[in-house]
Number of protein chains: 2
Amino acid sequence: MIGLGLIGGSTLRALDAAGHRVWGATASASDAAAATADGYDVGTELVPALQRAAQEDALIVLAVPLPALDTVLPHVTEYAPNCLFTDVTSVQGPAREAVARHASLSRYVGGHPMAGTAGSGWGAGRPDLFSGAAWALTVDTETDGMAWGRVASTVLDTGAVVVPLTSVTHDEVTARISHLPHLFAATLASIGADGGPLATLLAAGSFTDATRVAATNPDLVRAMTEGNHEALLPVLDEALGRLGAARGALASTGSLAALVHTGHTDLQRMGENHSNPRTTVRIDLTASTAHEGLIHVGEQGGSITAVSEGLAVGHVPQR
Amino acid sequence: MIGLGLIGGSTLRALDAAGHRVWGATASASDAAAATADGYDVGTELVPALQRAAQEDALIVLAVPLPALDTVLPHVTEYAPNCLFTDVTSVQGPAREAVARHASLSRYVGGHPMAGTAGSGWGAGRPDLFSGAAWALTVDTETDGMAWGRVASTVLDTGAVVVPLTSVTHDEVTARISHLPHLFAATLASIGADGGPLATLLAAGSFTDATRVAATNPDLVRAMTEGNHEALLPVLDEALGRLGAARGALASTGSLAALVHTGHTDLQRMGENHSNPRTTVRIDLTASTAHEGLIHVGEQGGSITAVSEGLAVGHVPQR
C-alpha cells in the first residue's frame, strides 16, 4: 500500500482483516507513526516497500493523490517492474495517462472505490469503509484479463463489489454522480450563507443534505473536479441547460413542472434499477471476449462478486 | 386544526401531548378516519370545527395547502371572526395576500415550521416532528404584538423555537435554503439518471444526499417553488451566475478554486453562526418597538424561546 490516507489506510486495514499480508509506505510521517502505533507494518520509505513487493510478487496499490502518481510511478517501474499495480484515483483518464508515461499499462488495472467520508488521513480510515460499496475497476484496450481478475479478487476481499467499466465511462459517470454534486453543494453553501444568520437558523434537512459534501477538503474537491474537466464540462453544461430552461419557464409561465416532475421520476427510476432481481453471469477472463463481457456487466448496472481460476462471476439486474 | 396532513397532524399531536385541548377538521376522509382511530377529536366538517373555535376562543391553525386558503378563509371570517389564526404555509407572501383578501390581518400571524419528511398525510405525522426545529412566525405592519405572543406561546409548546421575521424576508431566505435546493436535487436526479444503470450503481453518499429531497411529492415541490417565484427567480439567477462563472473558469483556466473554496468557507461560516454563545433579550410585546425588536432577533439569527405576560424572551448569538 503506497499512501495511507483515508482510502489507503482503510484498504490496508480491510485486506489485513481479510487475511492478506500487507505492508505500506506513506510520505506522511504522522500517518506512518499512527499506523505503526496501530500495529501495522508501515514506514515512510517508498523504495523498500516496492522492493519487498517485487520479492513477494505483491499487488501494489497506489493510494496517493493524482499529482503524486508522476513521482511514484517511475519508482514502481524501477523497483517492482513485474508487479501488478492498481490505484484509487477518482479520475481514471488522467491516472491512466500518468501510467502510460511512466510504466506499463498491461500490468495496470485502474481502480476507484466509491466510498468515503468527509475525513482524511490514517485516523479517518476504518476496515469496513468499503463494505457493500461499489469499487470501479477499469477495462481498457491494454488491460490483461487475468491481471484484472487478480486485482478484482483482492478488491472483493475489502467487502466491496467490483464494477467493470472503461476509464472513459468511469470519468463520464463520476462527473454526473460525484463531481457535479460537489459543485452544486459549493454553490448552495454560498447561496445559503448570503442569506445571513437567518438562513443558518432556518436551514433544515433539505439544505443540510444538499450541502454536506461542501465540508470536504476543498483541495481534494478541486483535484477531482479539475482533474476531470473534460468529462465534467459537458455535464455542467447539461445542468446549466436544465436549470436555465427551468428559469425561463418559471419567469414566463410560472411553471416548474418539467424540472420537478422529471427529477422526481428519474430518482424513482434509479431506485428501481437497484431493486430489480438479478441474473448470474460468468465471464472467462482468458477469452478474447473477456473485455466485452466485463464492460457489458457494468453497462447493465451489474457487478462482479467473485473471481476464481480465471472465471469472474457477476450479477446483472434483469430488465 | 384545519388540515391533518403531515404538518397539521404532527402539530395536533404535539399540542395534545403538551396538554392543549385540540380538535380538527380535514377534507380528507382517510386522514379523518385515521386520526379518529388514533383517538383524536376530528372530522371532515369545517364549519362545526370553526364554530367550536369561536365558542372557546381557540387559536385556529390553517394547515392546508396554499390554494385551499382561498376556500377556507371566508369560512373563518364567517364562523370565527374574532379568533386568532395562523397557517403553516411554506410561502408567506401569497398566504398573507390570501388573508388580506378574505379576513383581517390583525387577527393573523403567518407561520411556517421548518421541519418535514418526504412523507405526507396523517400517517406520516409524529408528535416530535418539531422538537428543536425552527418555526418562522411573521411580523408585518398589521401584526398585533399580543396576538403574535399568543401564537408564539402555542408554537413553543410543540417543541420548536420561534423565529420572528417579515413575510418578505421569510420568502427570500426560504428560496435560498429550501426552494433552490429542491430545484438542484431535481436537476441532479435527472443528470444522474442520464448516466444509466452504471450511475445508479456507482452513486454514493454525495449523490444520495444531494438528491434526497427529489423524492418529495412533486406537486408539493411545485406549490412551494412556483408559489415563491418572485423571491426564487433572483436566487436562481444568483445560482446560475455562480455556476456559469465556474463553468467559464473551468473551460478557460481549468480552475474551480473560486467556487469550491468559497462554498467550503461559507458552509463553515454557517456552522459557526450556529455555535456562537448567546445573549438573552426581552421584548415587551405591548410596546411600539415590539415589531422592530422581534425582527432584530431574527436578523441576528436569534429565536424566541419563551413568552409570558406580554413579554417575549429570546436568545441571540453574540458577534
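Worth saying up front: this structure is predicted, and the values here are computed from it rather than measured.

How each quantity is defined
Residues numbered from 1 in each chain as written. Chains lettered and ligands numbered in written order. Predicted model: local features only at pLDDT ≥ 70, side-chain atom pairs only at ≥ 80, totals over all residues. Heavy atoms only, no water. Contact = heavy atoms within 4.5 Å. Buried area = accessible area lost by both parts, 1.4 Å probe. Salt bridge = Lys/Arg side-chain N within 4 Å of Asp/Glu carboxyl O. Helix = DSSP H or I, 4+ residues; strand = E, 2+ residues; numbered from the N terminus. Buried < 20%, exposed > 50% of the residue type's maximum accessible area, 1.4 Å probe, protein only. Pairing = 2+ DSSP bridges. Expected span 1.5 Å × (residues − 1). Phe/Tyr/Trp six-rings, centres within 6.5 Å; stacked < 30°, edge-to-face > 60°. Lys NZ or Arg CZ within 6 Å of the ring centre and 35° of its normal.

Visitor: Can you help me understand the interface of chain A and chain B in this one?
Guide: Many structure descriptions define interface size as the accessible area lost when the parts assemble. On the side of chain B, 84 residues touch chain A, which itself brings 85 residues to the contact. Taken together, both faces of the contact between chain A and chain B bury some 8,000 Å²; the carbon and sulfur share is 74%. For the chain A face of the interface with chain B, the top three residues by lost area are A:Ile191, A:Leu201 and A:Leu202, together amounting to 9%. Our enumeration of links across chain A and chain B arrives at six salt bridges.

Visitor: Could you clarify how one ought to interpret the pattern of salt bridges in this entry?
Guide: Side chains that differ in sign of charge can pair as their charged atoms come close. Counted under the stated rule, the structure contains 34 salt bridges over all chains. Two residues, A:Asp194 and B:Arg242, come together in a salt bridge whose shortest N-O distance is 2.9 Å. With A:Asp194 in the loop between helix H7 (167–193) and helix H8 (196–202) and B:Arg242 in helix H11 (residues 229–252), this residue pair bridges two chains. According to the relative accessible area criterion, A:Asp194 is partly exposed, its value standing at 39%. A salt bridge links A:Asp237 to B:Arg247, with the nearest nitrogen and oxygen atoms 2.6 Å apart. Here A:Asp237 is found in helix H11 (residues 229–252), whereas its partner B:Arg247 is found in helix H11 on a different chain. We classify A:Asp237 as partly exposed; its relative accessible area is 31%. Its relative accessible area of 26% is what places B:Arg247 among the partly exposed residues. Each of A:Glu172, A:Arg176, A:Glu238, A:Arg242 and B:Asp194 takes part in one network of salt bridges that share partners.

Visitor: Can you walk me through the sheet that holds strand E5 (residues 108–109) of chain A in this structure?
Guide: Sheets are built from strands that pair by backbone hydrogen bonding, the pairs being arranged parallel or antiparallel. Residues and elements named next belong to chain A. Read across the sheet, three strands follow the order E3-E4-E5 without closing on themselves; strand pairing throughout is parallel. Only two strands of the sheet have a single neighbouring strand rather than two, namely strand E3 (60–62) and E5. Two elements, strand E4 (residues 85–87) and E5, share two bridges in a ladder whose sense is parallel. Bridged to Thr-86 within E5 is Val-109.

Visitor: For this particular structure, what's the right way to read H7(A)?
Guide: The end-to-end C-alpha separation of H7(A) is 37 Å, in line with the 39 Å expected for 27 residues at 1.5 Å each. Burial analysis of H7(A) places 24 of its 27 residues in the buried class, the great majority of the element.

Visitor: For this particular structure, what's the right way to read the packing of aromatic side chains?
Guide: The geometry of two aromatic rings is summed up by the distance between their centres and the angle between their planes. All names here are of chain A. Per the counting criterion, the structure on display carries seven aromatic pairs over all chains. Ring geometry for Tyr-40 versus Trp-122: centroids 5.3 Å apart, planes at 65°, classification edge-to-face. One end of the pair, Tyr-40, is in the loop between helix H2 (29–37) and strand E2 (42–43); the other, Trp-122, is in the loop between strand E6 (111–113) and strand E7 (134–138), with 82 residues separating them in the sequence. For the residue pair Tyr-40 and Trp-122, the accessibility class agrees, reading buried in each case. Positioned above the aromatic ring of Trp-122, the side-chain terminus of Arg-13 is 3.7 Å from the ring centre.

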